[in-house]
Amino acid sequence: MSLVRRAVPEDAEEVLRLRQVMIDSVFAASSSASSTEWHEESLPTLRGRLADPDGGFAAFVVDHPERPGALAALVAGTIEYRIGRAGNPQGRVGYVFSVATDPDVRRRGYARACMEELLDWFREQGVPQVDLNASAEAEPLYASLGFVRKPDPSMRLQL
C-alpha cells in the first residue's frame with residue numbers, strides 16, 4: 001500500500017504549513033515571504049480546490065509518521081491551458097509547485113513518491129508536458145524523474 005494519498009479539504013491547514021516550509025526554504029532572505037498572515041484568507045479557496053477532484057488541481061501528500069494529523073510531504077500541481085502547438089495540440093500543460101517535506105522527515109523518499117503520484121495523475125488527465133521551477137537542491141530529484149533543464153530556471157518532462 002502506498003504512503004501517498006490525494007489531499008482532502010481537511011488537509012488544507014497542513015498543506016499551507018508545508019507550502020510555507022517550501023517558501024521559507026526558497027526565499028529565506030525575504031522577511032515578507034515568511035509571513036503567514038495570508039494563510040487564513042487562503043484556506044477557503046484551498047479547501048474548495050481540494051474538494052473538487054475534476055478542477056485541474058491536485059495535491060498529493062504523505063502523513064507524518066510520528067505526528068498524527070500532520071503531513072510529512074506535499075506535492076501540488078495544476079493543469080493549465082495554452083493554445084495548442086505541435087506535440088501538444090490540446091494545449092494542456094501541467095505545472096508542479098509546492099514540493100515540500102517537513103524538515104524532520106527529509107531523505108525518506110516522500111517527495112519522490114508524491115511526485116510520482118502527481119506525474120501519474122497528469123498522465124491520466126492527458127497532459128503531455130509538465131513544467132516546474134527547480135532549486136539547485138531539488139534538481140537531482142527532478143532530473144532522476146526525467147525533467148531536463150531549459151534555458152531558464154524551469155524544467156520540463158515530456159510525458
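Refer to the preceding data block for the structure.
Everything in this summary refers to the structure shown in the same document. Note that the coordinates shown come from a computational prediction; the quantities given were computed from them, not determined experimentally.

**Thoughts on the environment of glutamate 80**
Inference 1: Its location among the elements puts glutamate 80 in strand E3 (residues 71-81).
Inference 2: Judged by its relative accessible area of 27%, glutamate 80 is partly exposed.
Inference 3: In this structure, the C-alpha to C-alpha distance between glutamate 80 and tyrosine 95, residues 15 residues apart in sequence, is 7.3 Å.
Inference 4: For glutamate 80, the residues in contact, after removing those within four places along its chain, are Gly91, Arg92, Val93 and Tyr95.

**Thoughts on the sheet that holds E3**
Inference 1: A sheet is described by the order of its strands in space; here seven strands give the open sequence E1-E2-E3-E4-E5-E7-E6, paired in mixed fashion. The strands lining the two open edges of the sheet, one partner per strand, are strand E1 (4-6) and strand E6 (148-149).
Inference 2: In terms of strand pairing, E3 meets strand E4 (residues 92-101) through eight bridges, oriented antiparallel. Bridging from a neighbouring strand, glycine 77 pairs with valine 96 of E4.
Inference 3: In this fold helix H1 (residues 12-26) packs onto strand E2 (57-63), E3 and E4, with an angle of close to 85° to the strand it touches most, E3.
Inference 4: Strand contacts of helix H3 (residues 110-124): E1, E2, E3, E4, strand E5 (129-133) and strand E7 (154-158), with the helix running at about 25° to E3, the strand carrying the most contacts.

What counts, and where the lines are drawn
- Residues numbered from 1 in each chain as written.
- Predicted model: local features only at pLDDT ≥ 70, side-chain atom pairs only at ≥ 80, totals over all residues.
- Heavy atoms only, no water.
- Helix = DSSP H or I, 4+ residues; strand = E, 2+ residues; numbered from the N terminus.
- Buried < 20%, exposed > 50% of the residue type's maximum accessible area, 1.4 Å probe, protein only.
- Contact = heavy atoms within 4.5 Å.
- Pairing = 2+ DSSP bridges.
- Axes fitted to C-alpha atoms, helices over the stretch in contact; angles between N-to-C directions.

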